[in-house]
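Below are the chains, spelled out letter by letter.
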Amino acid sequence: MRSHSYARTIDLLYAAAVHGRDWPAVLSAVADYVGAEGAMLVRHDFVTGKANLVVGRLRADLNDSYMRDHAANPLAVGIAGRSAGRPAVGSSILSRDRLRRTALYADIFAPQKLEESVSLPHASLTHATASGGLGVVLNARQAEAVDTVAARLGRLAPHIARAIDLMLDVEASRARLHRLEAMAMALPTAAFILLADGLLLEANAAGEALLAKGDCLRLEARRLTGATAAQDAVLARLRHAALSRAEAEAPARLVRALPRGDGRPACFAIATPLPPLPSSVLLGRDAGPCLLLQLADPTAPDAPGIAALQRGFGLTSAEARVAALVGAGLSAPQAAARLKVSAATTRTHLAHVFDKLGIRSQRELVRLCALLDGGG
């Protein structure tokens with residue numbers, strides 16, 4: 001094995017992150033520096049049962065078997081519960097005796113005479129349903145010095161994390177050239193481009209402003225989540241439903257009310273599947289579709305849905321304001337209180353709205369308002 005210095009290894013990491021190539025050679029250099037047999041850059045998705053990886057000085061002919069059969073192997077699942085950025089020794093997750101009784105050992109470790117691993121989970125790739133980052137694997141002799149290997153990998157950890165983040169940023173920028181993202185970024189509503197697991201690739205100006213306020217959404221380790229557990233649950237169900245319907249070639253654009261929990265009317269979350277990403281080191285060539293997520297507030301004074309309702313259906317300004325509030329989930333009395341008009345006046349306006357829009361229920365009004373606010 002060729003010896004690589006700490007400084008040289010760091011230089012190679014950042015060069016690969018920017019240029020998106022030579023990762024096998026860089027992973028080999030990492031393995032050399034820490035004293036391992038080989039290294040891998042990997043992402044496991046426990047929901048889809050798929051993995052994507054790039055290897056350095058390991059048998060590439062075993063990659064397909066690993067990606068197909070071992071995405072949810074016990075080491076990968078155990079790593080999901082470990083702290084990001086801190087080396088995790090495989091035998092601290094699964095003893096070597098138990099490892100030798102697994103299919104992972106029979107299919108991947110034994111053919112390469114491997115006995116131990118050390119993984120460095122990456123924050124944006126590791127959560128409850130996935131794990132990913134950079135890992136090294138050791139033969140029996142190297143496993144005797146596993147603590148030294150872990151210490152050296154820990155020394156590289158901040159640079160590895162920055163390199164992976166940089167790589168994801170570069171890939172996201174390249175991906176913009178392959179989709180209609182310019183249109184999404186020009187939307188008046190807050191708009192976000194996401195992977196199926198919530199990993200954020202891009203946000204428009206309104207989306208960035210919404211994240212800065214912490215209203216409904218927040219960003220954790222590059223993943224877009226709800227600001228509350230209830231909101232996060234709604235978003236997770238929405239992502240899953242939209243992508244499931246897209247795979248079934250059913251109408252895929254879905255709308256869900258996103259409760260705020262502070263007395264204000266709900267926002268609308270609108271999910272639209274997008275074409276798959278182009279080739280990516282960590283996501284593979286078949287990463288599945290991306291998602292356009294929009295967040296609209298029909299009660300905002302300048303909400304585009306109000307103008308659209310007036311233009312498209314001939315509503316008066318008073319009728320449009322009632323439609324927007326009721327469409328946001330308020331009852332007629334609640335809308336009346338907010339507008340400071342009588343309940344009878346509000347019911348009259350609402351009857352006119354239903355008649356002009358050709359609908360019969362508040363649920364239909366909710367969906368229509370959300371679609372208009374989302375630009376569709």
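Right above here is the structure, for reference.
Residues numbered from 1 in each chain as written. Predicted model: local features only at pLDDT ≥ 70, side-chain atom pairs only at ≥ 80, totals over all residues. Heavy atoms only, no water.

Draft legend 1. Examining the sheet that holds strand β4 (residues 116–121) more closely. Overall, antiparallel pairing links the 5 strands, which are arranged β2-β1-β5-β4-β3 in an open sheet. Two strands bound the open sheet, and with one partner strand each, they are β2 (50–56) and β3 (88–89). Relative to strand β5 (residues 130–138), strand β1 (residues 38–45) runs antiparallel, the two sharing 8 bridges. Across the sheet, residue Met-40 finds its bridge partner in β5, namely Gly-135. Sheet strands touched by helix α2 (residues 23–34): β1, β2 and β5. Its angle to β2, the strand with the most contacts, is close to 70°. (Pairing = 2+ DSSP bridges. Helix = DSSP H or I, 4+ residues; strand = E, 2+ residues; numbered from the N terminus. Contact = heavy atoms within 4.5 Å. Axes fitted to C-alpha atoms, helices over the stretch in contact; angles between N-to-C directions.)

Draft legend 2. Representation of the packing of aromatic side chains in the model. Scanning the entire structure with this criterion turns up 2 aromatic pairs. Between Tyr-6 and Tyr-33 the ring centres are 5.9 Å apart and the planes differ by 45°, which places this aromatic pair in the tilted class. One end of the pair, Tyr-6, is in helix α1 (residues 6–19); the other, Tyr-33, is in helix α2, with 27 residues separating them in the sequence. With relative accessibility at 22%, the residue Tyr-6 sits in the partly exposed group. Overall, the relative accessible area of 6% leaves Tyr-33 in the buried class. Positioned over the ring face of Tyr-33 is Arg-152, at 5.0 Å from the centre of the ring. (Phe/Tyr/Trp six-rings, centres within 6.5 Å; stacked < 30°, edge-to-face > 60°. Buried < 20%, exposed > 50% of the residue type's maximum accessible area, 1.4 Å probe, protein only. Lys NZ or Arg CZ within 6 Å of the ring centre and 35° of its normal.)

Draft legend 3. Expanded view of the environment of Ala-269. Within the element layout of this structure, Ala-269 appears in strand β11 (residues 267–276). Measuring from C-alpha to C-alpha, the distance between Ala-269 and Ala-190 comes to 9.7 Å, with 79 residues separating the pair along the chain. Residues contacting Ala-269, with those up to four places away along its chain left out, are Leu-235, Leu-238, Leu-254, Val-255, Arg-256, Leu-293, Gln-294 and Leu-295.

Draft legend 4. Highlighting the nonpolar core. Judged by nonpolar contacts, the single largest core of 35 residues is most densely connected at Trp-23, Val-34, Val-118, Leu-134, Val-136, Leu-153 and Ile-160. Within the residue set of this core, elements represented by two or more residues are α1, α2, β1, β4, β5 and α9 (146–175). Sorting elements by how many residues they give to this core places α9 first, with 11 residues. With residues up to four places along the chain from it excluded, the contact list for Leu-134 reads Leu-27, Val-30, Met-40, Leu-41, Val-118, Ser-119, Leu-120, Leu-153 and Ile-160. Counting 23 residues, the second largest nonpolar core, distinct from the first, contains Leu-194, Leu-238, Leu-243 and Leu-258. (Core = buried A, V, L, I, M, F, W, Y, C linked by side-chain atoms within 4.5 Å.)

Draft legend 5. How the structure looks around the pattern of salt bridges. Applying the stated criterion across every chain yields a total of 11 salt bridges. Between Asp-97 and Arg-100 there is a salt bridge, with the nearest N and O atoms lying 3.2 Å from each other. With a closest N to O distance of 3.2 Å, Arg-100 and Glu-115 form a salt bridge. With a gap of 15 residues between them, Arg-100 in the loop between α6 (96–99) and α7 (103–109) and Glu-115 in the loop between α7 and β4 connect regions that are remote in the sequence. Residue classification places Arg-100 among the partly exposed positions, given a relative accessible area of 40%. Given the relative accessible area of 15%, Glu-115 is considered buried. The network of salt bridges with common partners includes Asp-97, Arg-100 and Glu-115. (Salt bridge = Lys/Arg side-chain N within 4 Å of Asp/Glu carboxyl O.)

Draft legend 6. Broad picture of helix α16 (residues 343–357). Look at α16: 21 Å from first C-alpha to last across 15 residues, which is about the 21 Å you get at 1.5 Å a residue. Residues Thr-346, His-349, Leu-350, Val-353, Phe-354 and Leu-357 constitute the buried set of α16. Axial view of α16: buried residues confined to an arc of 140°, hence all on one face. Where α16 terminates, the next one or two residues include Gly-358, which has phi positive at roughly 70°. (Expected span 1.5 Å × (residues − 1). Arc of directions from axis to C-beta.)

Draft legend 7. Structural context of the environment of Val-77. In this fold, Val-77 is placed in helix α4 (residues 74–79). A relative accessible area of 41% places Val-77 in the partly exposed class. Here Val-77 is in contact with Phe-46 and Ala-72, once residues within four sequence places are set aside.

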